Amino acid sequence: MSSLQALCSGLPLQPLPENPGRWAGVPHAPVRTPGLSPAEEQLALRNALRYFPPDVQELLAPEFAQELRLYGHIYMYRFCPAMKMRAYPIGQYPCRTRAAAAIMHMIMNNLDPAVAQFPQELVTYGGNGQVFSNWAQFWLTMSYLSQMTEEQTLVMYSGHPLGLFPSSPQAPRLVITNGMVIPNYSSRTEYEKLFAVGVTMYGQMTAGSYCYIGPQGIVHGTVLTVLNAGRRYLGVKDLTGKVFVTSGLGGMSGAQAKAAVIVGCIGVIAEVDKAALMKRHEQGWLMEVTDSLDHCIERLREARKRKEVLSLGYHGNVVDLWERLVHELDTTGELLVDLGSDQTSCHNPFNGGYYPVQLGFAEAQSLMASNPAAFKGLVQESLRRQVSAINRLAKENFFFWDYGNAFLLEAQRAGADVEKKGANKTEFRYPSYVQHIMGDIFSLGFGPFRWVCTSGDPQDLAVTDELATSVLEEAIADGVNPAVKLQYVDNIRWIREATKHRLVVGSQARILYSDQKGRVAIAVAFNQAIARGKIKAPVVLSRDHHDVSGTDSPFRETSNIYDGSAFCADMAVQNFVGDAFRGATWVALHNGGGVGWGEVINGGFGLMLDGTQEAEQKAKMMLSWDVSNGVARRCWSGNRKAYEIICQTMQDNKGLVVTLPHEDLRCDAWKHSNPAVTTRTTEAHRGCSWKGRGARVPGSIQSCCTSPAGPTPASPVKAIPVGLLLHAASSVLNPPMVRQQVSTKAPWCLYLCEYSLFLRRNKESMSMLRPGLPFFSHPAASLKDRQAGFNGQLQAMAQQATSHVQGPQTPSWLHSKPCQ
């Protein structure tokens, strides 16, 4: 096959291409062990043969049956194109619409051997993140895209192109669903069978939505994570001489080596697959490699002493590395590591995502295929050993976090000591990076925005970098929230250094953590540059599904949601639907991704900018929703940062009206007056709206809680019943809700609060009141007048409340039972 024209002409049947089998010299997916019955094997074969006319089925049937027996899946190796797979310039694709050509550009990038983890098995990253289930689906999809008009939409069912259906020019040109299995049947075991028979597919995140951009897609987030881990855990801004130990150099995990260099630390990354390790070394993402544990430790010591910037790949099992670090600590007293994590594909631990320390790489692959139960036992033993070593190091000044790859989840299932006493089921002994770092960034509306220059010209990418930098600088000059400004400054530094760090692998793409305002402004700038000819071809906007709104995942993206909804998937589904009718060129919704099958619902989009006014309007509408949806949900869950951002967004966009939560001021007292409630640290206590955000238990409550009868004479007179203040403020807060919140059976101290704390909080909330809300929110009233009026009423409330502290008489304005 020598041309894109031929590649878009449908399945090559006359003549059939030669069957090359598995290519030598490239990585291949591990053998799957679906455990099919004879009847299920026949079903898998029938499902594969239905892509082909009867006259070739007799030839293909034994071939496909052999693939199923040898590899656990029918990939159809015969139909793997001989043409080099890469992101060709958009103008070279034989299409009737530029949107279809842009989609082709993205698909072929996902299958580029320089980008894809197992290209011949159509796996882009994560060990099992499929673009398609088999090569027949690839050929048919390319053919449909070449035929598609602006009044058709291509529908994809888990890799299978169902067909072209009539639609409107405003509709998406492509709608993708992957792994949408009925919940009661969405187990890991069921998945292996369903994938083997060819009826569902694990699209990971950006593999099955055609939006992967190589390891660059995660490197910005990894940089932010490691930098902020240093600030949070080590109390340093400069990571020079600090050691970060982790594992994985395959797909997304390949970003770790580059991130270590960018932040200026010493990164030691273990990888069992030599091909993956050497691929990153040859691409310049990994500075040095070694297969000697002795040399690894020696080199680590040397780099620490000299304060070198280093990324060192250790070809070996990470458990050996962790245990060697423990040995060094116990024998020399020297702690050689400061920060640690893990990026093995633990979402798929028994099918090549995690290799046990007891076996070599090839031996492990053999056992995985021949005796899955024995392999699983070794994996779980290895996980226990790894956690044991990490626990020993953590007794010193060493800090570990879970990278959202299900490492701690699978370690817990293996019986490792990762329990956090008194925690909910999404929390472990070590935090998720979302819980401690990225969650706050998401709550500000920042996430992994990205774009692809479909011309394939590096000069176009340079122009977009310049435009994005200018947009962010202008935003800072116009004035932004201090927390937002800090992110913008980091982003500007990131873009300016991107070329120096040679981040591009595959398509001419860039990743940039940005918020709603930044994304929209950047999109408009790009679109106008395309219209003027400054950028030569359309630009595709996208993002990782791992974003503000795109993913519901209780052990990763929504692990810092504490209102009980972390296991609900409304946000991701609504995002998929909302993007579709607000202008996305294509949309995708997946089961699984990152943490694993059945653990996540996530979605993504592609939006093509072509320089038209219509494209600009779509970008403004869709990108705004794509961020605000998640910020609003995080606000409702009780995140203070998200509350502030969504209120500001409502001020900027009068068409946006979001339901805001009322603050429950009972929480501090409730913690002290109910021994049955597990005492949590301020950081971890997030059961109420703003806990875990820096608030402290008022001293007056602490003193009052020692006496059920009320405050002692030594107690501060400013200790007043919260119930009274809440009721008096019912013109601002929801009166029915307030009365329901005040229990007449709780101890007296439940209602105590420092007036100053209450007043401060409400003054802050007053600044965010919008016209239409009661009490001094009339548009004609200035903010100063509203605050002054509110303060005056609170002062009167305080006087009545203070008199109530001295006796049981109920103030006339309290219309429910007194708080006894």
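The rules behind these values
Residues numbered from 1 in each chain as written. Predicted model: local features only at pLDDT ≥ 70, side-chain atom pairs only at ≥ 80, totals over all residues. Heavy atoms only, no water. Helix = DSSP H or I, 4+ residues; strand = E, 2+ residues; numbered from the N terminus. Buried < 20%, exposed > 50% of the residue type's maximum accessible area, 1.4 Å probe, protein only. Contact = heavy atoms within 4.5 Å. Areas by Shrake-Rupley, 256 points an atom, 1.4 Å probe, with all protein chains shown as cover. Pairing = 2+ DSSP bridges. Axes fitted to C-alpha atoms, helices over the stretch in contact; angles between N-to-C directions. Parallel < 35°, antiparallel > 145°, perpendicular 65-115°, else oblique. Left-handed = near helix turned anticlockwise from the far one by under 90°. Nonpolar A, V, L, I, M, F, W, Y, C, P; charged D, E, K, R; others polar. Phe/Tyr/Trp six-rings, centres within 6.5 Å; stacked < 30°, edge-to-face > 60°.

Student: Help me out: how do you make sense of the overall build of the protein in this one?
Tutor: Broken down by element type, the protein carries 28 helices and 19 strands. Each of the 820 residues in the protein was classed as buried or not, and the buried ones make up 61%. Contacts spanning at least 24 positions in sequence make up 71% of the contacts within the protein whose residues lie at least 6 apart. Approximately 31100 Å² of the protein is accessible, and the part contributed by carbon and sulfur atoms is 53%.

Student: Is there a simple way to explain the sheet that holds strand 6 (residues 243-247) in this structure?
Tutor: Hydrogen bonds between backbone atoms are what pair the strands of a sheet, whose relative direction is either parallel or antiparallel. One open sheet holds the six strands; their spatial order is 8-9-7-6-10-11, and the pairing between them is parallel. For this open sheet the edge positions go to strand 8 (288-290) and strand 11 (399-400), each flanked by a neighbour on one side alone. Sheet analysis places strand 6 next to strand 10 (residues 339-340), joined by two bridges and oriented parallel. Note on strand 10: the bridge partner recorded for F244 is L339. Together, strand 6, strand 7 (266-271), strand 8 and strand 9 (310-315) form the strand contacts of helix 10 (residues 293-306), whose direction differs from that of strand 9 by roughly 170°.

Student: Looking at this structure, I do not really get the pairing of strand 3 (residues 152-157). What am I missing?
Tutor: Within a regular strand, side chains alternate between the sheet's two faces. By the bridge criterion, six bridges tie strand 3 to strand 4 (residues 160-166) in an arrangement that is antiparallel. Bridge pairing in strand 4 places Q152 opposite P166. If you look at the hairpin formed by strand 3 and strand 4, you'll find two residues sitting between the two strands, and S158 has a positive phi there, around 45°. By the bridge criterion, four bridges tie strand 3 to strand 5 (residues 174-178) in an arrangement that is parallel. Among the inter-strand pairings, V155 is bridged to a residue of strand 5, identified as V175.

Student: Teacher, can you tell me more about the packing of helix 10 against helix 11 (residues 318-332) here?
Tutor: Two elements in contact, helix 10 and helix 11, have axes whose closest approach is 11 Å; the angle formed by their N-to-C orientations is 60°. Classified by the angle between their axes, helix 10 and helix 11 sit oblique to one another. Viewed along their axes, helix 10 and helix 11 form a crossing whose handedness is right-handed. On helix 11, the residues that touch L293, D294, C296, I297, L300 and R301 of helix 10 are D320, L321, R324, L325, E328 and T332. Its residues assigned to classes, the contact of helix 10 with helix 11 comprises six nonpolar, one polar and five charged.

Student: For this particular structure, what's the right way to read the packing of aromatic side chains?
Tutor: The way to describe two aromatic rings as a pair is by their centre distance and the angle between their planes. The tally for this structure, following the rule as stated, stands at 27 aromatic pairs. Centre to centre, the rings of Y125 and Y212 are 4.8 Å apart; their planes meet at 10°, and the pair counts as stacked. Of this pair, Y125 sits in strand 1 (residues 123-125) while Y212 sits in the loop between helix 6 (188-196) and helix 7 (216-234); the two residues are 87 residues apart in sequence, bridging distant segments of the chain. The pair Y125 / Y212 is uniform in exposure class, with both members buried. Relative to Y488, the ring of F446 has its centre 5.8 Å away and its plane inclined at 70°; by these criteria the two rings are edge-to-face. One end of the pair, F446, is in the loop between helix 16 (433-443) and strand 12 (447-453); the other, Y488, is in helix 18 (residues 482-498), with 42 residues separating them in the sequence.

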